[in-house]
Amino acid sequence: MATRGFAVENVIGEGGYGIVYKGVLQDGSVVAVKNLLNNKGQAEKEFKVEVEAIGKVKHKHLVGLLGYCAEGAKRLLIYEYVDNGNLEQWLHGDVGPVSPLTWDIRIQIAVGTAKGLAYLHEGLEPKVVHRDVKSSNILLDRKWNPKVSDFGLAKLLGAEKSYVTTRVMGTFGYVSPEYASTGMLNEGSDVYSFGVLLMEIITGRNPVDYSRPPGEMNLVDWFKGMVASRRGEEVVDPLIRLQPSPRALKRALLVCLRCIDLDANKRPKMGQIVHMLEADEFPFRAEPRTTKETAPLHSHSAVTNKVPRPTKDVEGDDVQRTYLPAEYSDIYVTLDKSHPSLIVLIGTLSCKISCKLSISSMALS
Ligand SMILES: Nc1ncnc2c1ncn2[C@@H]1O[C@H](COP(=O)(O)OP(=O)(O)OP(=O)(O)O)[C@@H](O)[C@H]1O
Ligand SMILES: [Mg+2]
């Protein structure tokens, strides 16, 4: 009834699990009704998982499940309606020469998405791994507030740290290498997908795009190559008119790199990602300051574009390694301990601000 008998004019779109309709309930409230394909067995199983997982979950940045219907072969999920399309449409659709998604709006979308995922990973017991983080599953309202949708692939995780699944789901281009190759699933896989999503948000490029030249078809490979050859400024979506500050850009690029670390254990948690994206200064290491550290120190930190990799423990030095992927081992963070809040990025992502600071030989030896 709400969807006028699943009328064609009420179809919002179709995904891998069925058709989504816009519906109006008797009280006038608007809903999205997902009519799941009658895929015997699997659909039913997915349906139950989905209902159990989403039914409990209420969060500003997660699309709420309002109800469901399981009558005979029919499987319906009724969601709150989010009225401004999805992120994929806004990033890759025809929006004209200038994207309405400014840099700040994009970061706001990334932060909101990260908060939604952090809630799934860290705010629920048992936690929920989304398993299909991608731009079409980020719905937007008129104020560009993001809401993570579609838990059709979600599985509840129990006390066990990771979960092995028999078939890899998720979407091509977003799936973490370890999930694709072993079926090992934990929240780190979502973090990887979030990293790809963030790259997509920054660059406006699809995770896989066959219309691009060979070296650019895979977003992750192209992105890593660009950053490694110090061309980070060039990756920003040309449809963004007002460029981000170098600092804001570097922060976002580094979050991407950390999320796609091949070592899943080194990837940050979603909660940490929220802080990284929101922080004025990028706290690579929020270590408690020791007495030693609070004592007077050099007034300037070490800075250079080419920094030899520390061979010994750098404790006491001004140079601290970040937790970046191995292939970015020449990216370091120097921390000026006399100004604990000042973190200077050097190496591949050489930071202009760093040029203003003098070089400390101690930190480089
Ligand atoms: N709660 C909702 N409110 C408004 N639109 C929605 C809602 N849920 C889904 N949609 C829209 O319906 C369409 C189909 O969504 P669906 O989730 O079925 O497909 P998908 O996200 O493209 O792929 P997948 O099945 O892999 O998730 C998309 O355009 C999506 O933006
Ligand atoms: Mg979807």
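Residues numbered from 1 in each chain as written. Chains lettered and ligands numbered in written order. Predicted model: local features only at pLDDT ≥ 70, side-chain atom pairs only at ≥ 80, totals over all residues.

**Q** How do you make sense of the overall build of the protein when you look at a structure like this?
**A** The secondary structure content of the protein amounts to 10 helices and 14 strands. Residue burial in the protein is summarised as follows: out of 365 residues, 39% are buried. Contacts spanning at least 24 positions in sequence make up 60% of the contacts within the protein whose residues lie at least 6 apart. (Helix = DSSP H or I, 4+ residues; strand = E, 2+ residues; numbered from the N terminus. Buried ≥ 20, exposed ≤ 12 C-beta atoms within 10 Å, placed from the backbone. Contact = placed C-beta atoms within 7 Å.)

**Q** Explain the confidence of the model for the protein to me, please; I cannot follow it from the model alone.
**A** Atom-level detail of predicted coordinates should not be read off regions where pLDDT is low. Averaged over every residue, the pLDDT of the protein is 76; residues scoring 70 or more account for 66%. Low pLDDT, under 50, characterises residues 154-161; the stretch is placed with 23 contacts to residues that sit more than four places away or in other chains. (pLDDT = per-residue confidence, 0-100.)

**Q** Even after reading the chapter, I still don't get the environment of Leu253, so can you show me in this structure?
**A** For Leu253, the location among the structural elements is in helix α7 (residues 246-259). Along the primary structure Leu253 and Leu198 are separated by 55 residues, whereas in three dimensions their C-alpha atoms are 8.5 Å apart.

**Q** Just checking my understanding: could you explain the sheet that holds strand β1 (residues 11-15) for this structure?
**A** Hydrogen bonds between backbone atoms are what pair the strands of a sheet, whose relative direction is either parallel or antiparallel. Strand order in the open sheet formed by 5 strands is β1-β2-β3-β5-β4, and the pairing between neighbours is antiparallel. Sheet topology places β1 and β4 (65-71) at the edges, where each strand pairs with a single neighbour. Each neighbouring strand pair of the sheet contributes to a mean axis angle of 20 degrees, computed without reference to strand direction. (Pairing = 2+ DSSP bridges. Axes fitted to C-alpha atoms, helices over the stretch in contact; angles between N-to-C directions.)

**Q** For this particular structure, what's the right way to read the nonpolar core?
**A** In globular proteins that are soluble, nonpolar side chains generally tend to be buried together. Core analysis: the biggest nonpolar cluster contains 64 residues, and Ala114, Phe194, Leu198, Val255, Cys256, Cys259 and Ile273 have the highest contact counts within it. Take this core: its biggest share by element is 9 residues, from helix α5 (residues 187-203). (Core = buried A, V, L, I, M, F, W, Y, C linked by C-beta atoms within 7 Å.)

**Q** For this particular structure, what's the right way to read the UniProt feature "binding site: ATP" (unreviewed entry) in the protein?
**A** In the numbering adopted here, UniProt assigns the feature "binding site: ATP" (unreviewed entry) to Lys34. The exposure class of Lys34 is buried, given the 24 C-beta atoms found within 10 Å. Every residue in contact with Lys34, bar those within four places of it in the chain, is listed here: Tyr17, Gly18, Val20, Leu76, Leu77 and Tyr79. (UniProt positions renumbered as here; feature names shortened; annotations may be inferred.)

**Q** Help me out: how do you make sense of the site of ligand 1 in this one?
**A** Among the 19 residues in the neighbourhood of ligand 1, the closest are listed as Gly13, Gly15, Val20, Ala32 and Asn86. Looking at which element gives the most residues to the shell around ligand 1, the answer is β1, with 4 residues. Residues belonging to the shell around ligand 1 are distributed by class as follows: 9 nonpolar, 7 polar and 3 charged. (Near = placed C-beta within 6 Å. Nonpolar A, V, L, I, M, F, W, Y, C, P; charged D, E, K, R; others polar.)

**Q** Quick question: what am I supposed to make of the pairing of β4 here?
**A** The side chains of a regular strand alternate between both faces of the sheet. Note: β4 against strand β5 (residues 74-80), 6 bridges, orientation antiparallel. By the bridge assignment, Tyr68 is partnered in β5 with Leu77. Taking the residues between adjacent antiparallel strands as the criterion, β4 and β5 are bridged by 2 residues, where Gly72 takes a positive phi near 60 degrees.

**Q** Is there a simple way to think about the packing of helix α3 (residues 103-122) against α5 in this case?
**A** The relative placement of two packed helices comes down to the angle between their axes together with the axis-to-axis distance. At a minimum axis distance of 11 Å, the contact between α3 and α5 shows a crossing angle of 170 degrees. As judged from the angle between their axes, α3 and α5 are roughly antiparallel. Contacts from Arg106, Ile109, Ala110, Ala114, Leu117 and His121 in α3 reach Glu187, Asp190, Phe194, Leu198 and Ile201 in α5. Grouping the amino acids of the contact of α3 with α5 by side-chain chemistry returns 7 nonpolar, 1 polar and 3 charged. (Parallel < 35°, antiparallel > 145°, perpendicular 65-115°, else oblique.)

**Q** Teacher, can you tell me more about α5 here?
**A** The α-helix advances 3.6 residues per turn, and as a result positions three or four apart in sequence lie on the same side. With 17 residues, α5 ought to run about 24 Å at 1.5 Å a step, and its terminal C-alpha atoms sit 24 Å apart, in line with that. Counting buried residues in α5 gives 17 out of 17 residues, a clear majority hidden from the surface. (Expected span 1.5 Å × (residues − 1).)

**Q** What am I meant to see in the pairing of strand β2 (residues 18-24) here?
**A** Examined bridge by bridge, β1 and β2 share 4 bridges and lie antiparallel to one another. Each residue of the ladder has a partner; that of Gly13, found in β2, is Val20. From the end of β1 to the start of β2, which pair antiparallel, there are 2 residues. The pairing of β2 with strand β3 (residues 30-36) spans 7 bridges and is antiparallel. Paired with Val24 across the strands is Val30, a residue of β3. Taking the residues between adjacent antiparallel strands as the criterion, β2 and β3 are bridged by 5 residues, where Gly28 takes a positive phi near 95 degrees.

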